[in-house]
Amino acid sequence: MKKWLIPVIIIAILGFGIYNWAVGFNNTAIELNENVSEAWGNVQTSYQRRNDLIGNLVNTVKGAADFERSTLEAVIKARSEATKTTIDPSNITPEQLEQFNRAQGGLSSALSRLLVTVERYPELKANQNFLKLQDELTSTENTIQTARTRYNEAIKPYNNHVKKFPNSILAGMFDFEGKPYFDAEAGAEKPVDVEFDFN
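A. A look at the overall build of the protein. Counting its secondary structure elements, the protein contains six helices and zero strands. From first element to last, N terminus to C terminus, the protein shows the α and β order α-α-α-α-α-α. A fraction of 81% describes how many contacts in the protein between residues 6 or more apart in sequence connect residues 24 or more apart. With the model as given, the accessible surface of the protein reaches about 11800 Å², and the carbon-plus-sulfur share is 54%.

B. Spotlight on the pattern of salt bridges. Scanning the entire structure with this criterion turns up five salt bridges. A salt bridge links R49 to E136, with the shortest nitrogen-to-oxygen separation between them at 2.6 Å. Taken together, the positions of R49 in helix α1 (residues 5–62) and E136 in helix α5 (residues 128–163) put the pair 87 residues apart, joining distant regions of the chain. Residue R49 is classed as partly exposed on the basis of its relative accessible area of 38%. Close ionic contact of K84 with E81 constitutes a salt bridge, the shortest N to O distance being 3.0 Å. With K84 and E81 both in helix α2 (residues 69–84), this residue pair falls three residues apart, about one helical turn. With relative accessibility at 38%, the residue E81 sits in the partly exposed group.

C. How the structure looks around the nonpolar core. Ranked by size, the top nonpolar core spans 24 residues in total, and within it F25, W40, L97, Y151, V162, F176 and F182 carry the most contacts. Where this core is concerned, the elements lending two or more residues are α1, α3 (94–118), α5 and α6 (167–173). Sorting elements by how many residues they give to this core places α1 first, with nine residues. With residues near it in sequence (within four places) discarded, F182 still touches W40, Y47, L97, F100, N101, R148, Y151 and N152. In this structure, A78, A82, L115 and F130 belong to the second largest nonpolar core, which totals 22 residues.

D. Just unusual backbone geometry, in detail. Backbone torsion omega between F165 and P166 reads 10°, so that peptide bond is classified as cis. Backbone geometry places D175, a non-glycine residue, at a positive phi of 60°. Here D175 shows up in the segment after α6. Take D175: its relative accessible area is 66%, and that puts it in the exposed class.

What counts, and at which threshold
Residues numbered from 1 in each chain as written. Predicted model: local features only at pLDDT ≥ 70, side-chain atom pairs only at ≥ 80, totals over all residues. Heavy atoms only, no water. Helix = DSSP H or I, 4+ residues; strand = E, 2+ residues; numbered from the N terminus. Contact = heavy atoms within 4.5 Å. Areas by Shrake-Rupley, 256 points an atom, 1.4 Å probe, with all protein chains shown as cover. Salt bridge = Lys/Arg side-chain N within 4 Å of Asp/Glu carboxyl O. Buried < 20%, exposed > 50% of the residue type's maximum accessible area, 1.4 Å probe, protein only. Core = buried A, V, L, I, M, F, W, Y, C linked by side-chain atoms within 4.5 Å.

Shown next as structure tokens:
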């Protein structure tokens, strides 16, 4: 065998190994990133469901005579702010998640005040549509918590894949960056209290 052929074979084997590593890294990163995007879509769907229910709840409450306008307006404004905050799941930053959390936390707070105020309106507490919306809202809050948890679960394998050495070398070259976890605001881990004592 000619001496010059040995280095060529070694280079070819190394090149093929690096190519396979790069392709494997990229394909796995894309698959894991899609899982994160899907999980974030489920988070957004859950929050959208809550926003829809809150809109129906507000319309039901509007029908009550002399209901406190400022309380309703606070919920309407907070709902509007929450729906304005959008995040691109392929480019999530800690700042975007914090802004999203603040908007959703503001809506939860306004909704809590609304539901406490309802206690003073017996006709609302007896309204079947209102009661049904309350039940659906409670269920949706649980769905939101589940969706946030699954989002974080989807991020972990993705972050492990792109941050561990030697994959971290390729991650920078292929524009795969670590993604932030969904950190709830203090107290936000508890669903909005929509249970009432009707006694």
